[in-house]
Amino acid sequence: DGGITQSPKYLFRKEGQNVTLSCEQNLNHDAMYWYRQDPGQGLRLIYYSQIVNDFQKGDIAEGYSVSREKKESFPLTVTSAQKNPTAFYLCASSISITVQPQHFGDGTRLSIL
Amino acid sequence: AQKITQTQPGMFVQEKEAVTLDCTYDTSDQSYGLFWYKQPSSGEMIFLIYQGSYDEQNATEGRYSLNFQKARKSANLVISASQLGDSAMYFCAMRGYSTLTFGKGTMLLVSP
């Protein structure tokens, strides 16, 4: 079945450590997105990518980095510069940046040890 | 800038009854789209329904319908014949040129 796979489901980070969240899609979608969700809140956009080798900052990009070397993959790195990384992270994709809806993965829950 | 407001933090409904979840929006764009997503306790976001700003008829998808009132800038979700499995967070979102802006969500609890 086509879909979006995020891994791991749960992730723990030590202070000062970088961690990378994986997002893979087999929907042949050009556009991919990363969102952060805090308890009781809506989703906030971290980064998005319209096409391979291109990505743009969203509303809360500080402390995060991404790459888009392959169409299927859009990994998110949470760097040590992100002072409050504990959150639920959701990856999404859409056919193109202007054609919605976005389809979501099951999310990764990141916690600080 | 776009803004989505969901004023109901939580809603309760009995099984088999209809429920309306409110969503108002603000945008200066002439062309935009409005979405509703469901988020069960497991965390995934499930797309429910979409309404384009130029669509003249209200969108419907099974038990879901979108009550779109453009002049009032509202896009309320109506769930008919609620089921226990409808208990979840519901998010309204708006599409600008390239990205989605989400509201803070409404928690719906369906009781037997």
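Residues numbered from 1 in each chain as written. Chains lettered and ligands numbered in written order. Predicted model: local features only at pLDDT ≥ 70, side-chain atom pairs only at ≥ 80, totals over all residues. Heavy atoms only, no water.

### Description of the overall build of chain B
Okay, step 1: Regarding its fold elements, chain B presents zero helices and 12 strands.
Okay, step 2: For chain B, the α and β elements follow one another from N to C terminus as β-β-β-β-β-β-β-β-β-β-β-β.
Okay, step 3: Along the longest, intermediate and shortest principal axes, the C-alpha atoms of chain B span 45 × 25 × 20 Å.
Okay, step 4: Split into buried and exposed, the 112 residues of chain B put 48% on the buried side.
Okay, step 5: Contacts spanning at least 24 positions in sequence make up 53% of the contacts within chain B whose residues lie at least 6 apart.
Okay, step 6: Total accessible area computed for chain B in this model is approximately 5,500 Å², and 50% of it derives from carbon and sulfur atoms.
Okay, step 7: Treating the 9 positive side-chain charges of chain B as one cloud and the 10 negative ones as another, the clouds have centres 5 Å apart. (Helix = DSSP H or I, 4+ residues; strand = E, 2+ residues; numbered from the N terminus. Buried < 20%, exposed > 50% of the residue type's maximum accessible area, 1.4 Å probe, protein only. Contact = heavy atoms within 4.5 Å. Areas by Shrake-Rupley, 256 points an atom, 1.4 Å probe, with all protein chains shown as cover. Lys, Arg positive; Asp, Glu negative; His and termini not counted. Charge placed at Lys NZ, Arg CZ, Asp CG, Glu CD.)

### Re the pattern of salt bridges
Okay, step 1: As enumerated under the stated definition, the model contains five salt bridges over all chains in all.
Okay, step 2: Among the salt bridges present, the one from A:R44 reaches A:D38, with a minimum N-O distance of 2.7 Å.
Okay, step 3: Close ionic contact of B:D86 with B:R63 constitutes a salt bridge, the shortest N to O distance being 2.8 Å. Of the two residues, B:D86 is situated in the loop between strand 9 (74–79) and strand 10 (88–95) and B:R63 in the loop between strand 7 (60–61) and strand 8 (64–69); the sequence distance between them amounts to 23 residues.
Okay, step 4: B:D86 gets classed as buried once you look at its relative accessible area, which sits at 1%.
Okay, step 5: It is possible to trace a salt-bridge network through shared partners that takes in A:R36, A:D38 and A:R44. (Salt bridge = Lys/Arg side-chain N within 4 Å of Asp/Glu carboxyl O.)

### What to know about the sheet that holds strand 1 (residues 4–7) of chain A
Residues and elements named next belong to chain A.
Okay, step 1: Taken together, four strands build an open sheet; the order of strands is 1-3-8-7 and the sheet is antiparallel. The strands lining the two open edges of the sheet, one partner per strand, are strand 1 and strand 7 (64–66). Neighbour-to-neighbour, the strand axes of the sheet open up by a mean angle of 20°, direction not taken into account.
Okay, step 2: Bridge count for strand 3 (residues 19–25) against strand 8 (residues 76–78) is three bridges, and the pairing is antiparallel. (Pairing = 2+ DSSP bridges. Axes fitted to C-alpha atoms, helices over the stretch in contact; angles between N-to-C directions.)

### Let's talk about the packing of aromatic side chains
Okay, step 1: According to the stated counting rule, one finds 15 aromatic pairs over all chains in the structure shown.
Okay, step 2: Between B:Y37 and B:F102 the ring centres are 5.9 Å apart and the planes differ by 45°, which places this aromatic pair in the tilted class. With a gap of 65 residues between them, B:Y37 in strand 5 (residues 33–39) and B:F102 in strand 11 (residues 100–102) connect regions that are remote in the sequence.
Okay, step 3: The class of B:Y37 is buried, set by a relative accessible area of 0%.
Okay, step 4: Here B:F102 falls in the buried class, since its relative accessible area comes to 9%.
Okay, step 5: Aromatic ring contacts, followed pair by pair, group A:Y33, A:Y35, A:Y48, A:F104, B:F35, B:Y37, B:F47, B:Y50 and B:F102 into a single cluster. (Phe/Tyr/Trp six-rings, centres within 6.5 Å; stacked < 30°, edge-to-face > 60°.)

### A closer look at the state of the cysteines
Okay, step 1: If you walk through the whole model with that rule in mind, you get two disulfides over all chains.
Okay, step 2: Across the disulfide, A:C23 is cross-linked to A:C91 (sulfur-sulfur distance 1.9 Å). Judged by the sign of its S-S torsion, about -75°, the cystine formed by A:C23 and A:C91 is left-handed. In this pair, A:C23 sits in strand 3 while A:C91 sits in strand 9 (residues 87–94), placing the two residues 68 residues apart along the sequence. A:C91 carries the same exposure label as A:C23, and that label is buried.
Okay, step 3: Disulfide pairing places B:C23 opposite B:C92 at an S-S distance of 2.0 Å. Of note, the bridge from B:C23 to B:C92 carries an S-S torsion of about -65° and is left-handed in sense. Here the residue B:C23 occupies a position in the loop between strand 3 (19–21) and strand 4 (24–26), and B:C92 occupies one in strand 10, the gap between them amounting to 69 residues.
Okay, step 4: What makes B:C92 buried here is its relative accessible area of 0%. (Disulfide = S-S within 2.5 Å.)

In short, geometric facts, not functional conclusions.
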